[in-house]
Amino acid sequence: MPFGKREGFIKALEVLAEEGKRTEGKIYFCSVSRWQKTLAEAAFGSRLSLVQSVDFADYIYTSESLIELKGKKLHGKKNHLNRFKRDFEGRWNYEELDDYNAEEFFAFQLRWCSLHDPKEFEGETKAVGALLENRKELGVKGGLVRVEGQVIAMTLGTEFNSEIFVVNIEKALPDINGGYQIINNEFARRNLAGYKYINREEDMGIDGLRQAKTSYCPEFMGEAYEGWLL
């Protein structure tokens, strides 16, 4: 769904609707927020059909919960974190995103994708490149973890407002036990303590992502819609 001020938002929808007519098809939208739904329905009426979406609802956590990992429900996460620190004691370090290591973030994205299906993550890789290239204008924050000098995990995100930070990308090598837990915790602890909430975005209906995001016990789920514009 397009994002912007009311006038530009409605205009963008009109352009998309005309494109749908030209191709004799419909335009599908996902990750539609409540305010977007309200404006779009007022403008297009019955031509727009949106329903609440589970797959595109954001997972929202308190920063305190991801930093402290307290309680029985997060005990397993803390165990993985402690195991990583024990296994790699004296051999790992954390770095903030800066002008000197920015290229390594992108190189790690490519490495991670090479272990999966690079074609499946082409869009994501372009997004990572855009985040890094425009990091100063967008206020991007990031962190990486090295083991013996080699990057094993990285994360990137942006501020939504003074209370909410959005984690856009988080990657770790699959054969490093505790890799995801260490980058998640270190980034939150060092950068996000001043925010009330951390938005770790949606799972897109992917079982593995849903399991991983649910396992961190979100404080609540965001509200999102999906559907078609005729």
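Residues numbered from 1 in each chain as written. Predicted model: local features only at pLDDT ≥ 70, side-chain atom pairs only at ≥ 80, totals over all residues. Heavy atoms only, no water.

**Comments concerning the nonpolar core**
Here is a general trend for soluble globular proteins: nonpolar side chains tend to be buried in one another's company.
In step 1: If you look at the biggest cluster of nonpolar residues, it comprises 40 residues, and the most contacted ones within it are Phe84, Val145, Ile152 and Leu156.
In step 2: For this core, the element with the most residues is strand β6 (residues 150-159), which contributes 5 residues.
In step 3: If you look at the next biggest cluster of nonpolar residues, it comprises 14 residues, including Ile10, Ala40, Phe44 and Tyr225. (Core = buried A, V, L, I, M, F, W, Y, C linked by side-chain atoms within 4.5 Å. Buried < 20%, exposed > 50% of the residue type's maximum accessible area, 1.4 Å probe, protein only. Helix = DSSP H or I, 4+ residues; strand = E, 2+ residues; numbered from the N terminus.)

**A closer look at the packing of helix α5 (residues 102-114) against helix α6 (residues 122-133)**
In step 1: At their nearest, the axes of α5 and α6 sit 10 Å apart, and the two run at 175° to each other. One element, α5, and the other, α6, form an angle in the roughly antiparallel class. Across the interface between the two elements, Ala102, Phe105, Phe106, Gln109, Leu110 and Cys113 from α5 touch Glu124, Thr125, Val128, Gly129 and Leu132 from α6.
In step 2: By residue class, the composition of the contact of α5 with α6 is 7 nonpolar, 3 polar and 1 charged. (Axes fitted to C-alpha atoms, helices over the stretch in contact; angles between N-to-C directions. Parallel < 35°, antiparallel > 145°, perpendicular 65-115°, else oblique. Contact = heavy atoms within 4.5 Å. Nonpolar A, V, L, I, M, F, W, Y, C, P; charged D, E, K, R; others polar.)

**Notes on a nonpolar patch on the surface**
In step 1: A cluster of nonpolar side chains, contributed by Met204, Ile206 and Leu209, occupies part of the molecular surface with about 230 Å² of accessible area.
In step 2: Secondary-structure assignment places Met204 in the loop between β8 (197-199) and α9 (207-214). (Patch = residues over 30% accessible without salt bridge, like charges linked within 9 Å, V, L, I, M, F, W, Y side chains within 5 Å. Areas by Shrake-Rupley, 256 points an atom, 1.4 Å probe, with all protein chains shown as cover. Salt bridge = Lys/Arg side-chain N within 4 Å of Asp/Glu carboxyl O.)

**Brief notes about helix α1 (residues 6-22)**
In step 1: The end-to-end C-alpha distance of α1 is 25 Å, a good match for the 24 Å that 17 residues give at a rise of 1.5 Å each.
In step 2: Buried residues of α1: Phe9, Ile10, Leu13, Ala17 and Gly20, and no others. Projected down its long axis, α1 carries its buried residues within an arc of 90°, all on one side. Exposed residues lying more than 90 degrees from the buried face of α1 are Glu7, Lys11 and Arg22.
In step 3: In this fold, the buried residues of α1 make contact with β1 (27-32), α2 (34-44) and β10 (225-229). (Expected span 1.5 Å × (residues − 1). Arc of directions from axis to C-beta.)

**Concerning the sheet that holds strand β3 (residues 59-62)**
Paired through backbone hydrogen bonds, the strands of a sheet run either parallel or antiparallel to each other.
In step 1: Across the sheet, 7 strands lie side by side as β4-β5-β6-β7-β8-β3-β9; this open sheet has mixed pairing. The open sheet has two edge strands with one neighbour each: β4 (92-96) and β9 (220-221).
In step 2: When strand β7 (residues 164-172) meets β8, the two strands line up parallel, connected through 3 bridges. Residue Ile164 lies in a different strand from β8, and its bridge partner there is Tyr197. (Pairing = 2+ DSSP bridges.)

**Overview of the pairing of β3**
In step 1: Of the two faces of β3, the one carrying Tyr59 and Tyr61 and the one carrying Ile60 and Thr62 are both buried.
In step 2: With 2 bridges joining them, β3 and β9 adopt antiparallel strand pairing. When the bridges of β9 are listed, Tyr59 appears paired with Met221.
In step 3: Note that β3 and β8 share 3 bridges and pair antiparallel.

**A short note on the packing of α1 against α2**
In step 1: Contact pair α1 / α2: the axes reach a minimum separation of 11 Å and the direction vectors enclose 60°. Taken together, the axes of α1 and α2 lie oblique to each other. In this structure, the crossing between α1 and α2 has a hand that is right-handed. Counted together, Arg6, Phe9, Ile10, Leu13, Glu14 and Ala17 of α1 and Trp35, Gln36, Leu39, Ala40, Ala43 and Phe44 of α2 form the full contact between these two elements.
In step 2: Residues of the contact of α1 with α2, tallied by class, amount to 9 nonpolar, 1 polar and 2 charged. (Left-handed = near helix turned anticlockwise from the far one by under 90°.)

**A closer look at the packing of aromatic side chains**
We describe a pair of aromatic rings using the distance from one ring centre to the other and the angle between the two ring planes.
In step 1: For the structure shown, the criterion picks out 8 aromatic pairs.
In step 2: Ring centres of Phe84 and Phe88 lie 4.9 Å apart, and the angle between their planes is 45°; on these two criteria the pair is classed as tilted. Judged on exposure class, the residue Phe84 and its partner Phe88 are both buried.
In step 3: With a centroid separation of 5.0 Å and an interplanar angle of 85°, the aromatic rings of Trp112 and Phe121 are classed as edge-to-face. As far as burial versus exposure is concerned, Trp112 and Phe121 are alike and both buried.
In step 4: Counting every residue linked through ring pairs, the aromatic cluster contains Phe84, Phe88 and Trp92. (Phe/Tyr/Trp six-rings, centres within 6.5 Å; stacked < 30°, edge-to-face > 60°.)

**Remarks on the sheet that holds β1**
In step 1: What the 3 strands build is an open sheet, ordered β1-β10-β2; its pairing is antiparallel. The sheet terminates laterally at β1 and β2 (48-52), the two strands that pair on one side only. For this sheet, the mean angle separating the axes of adjacent strands, direction not counted, is 15°.
In step 2: Here 5 bridges tie β2 to β10, and the two strands are oriented antiparallel to one another.

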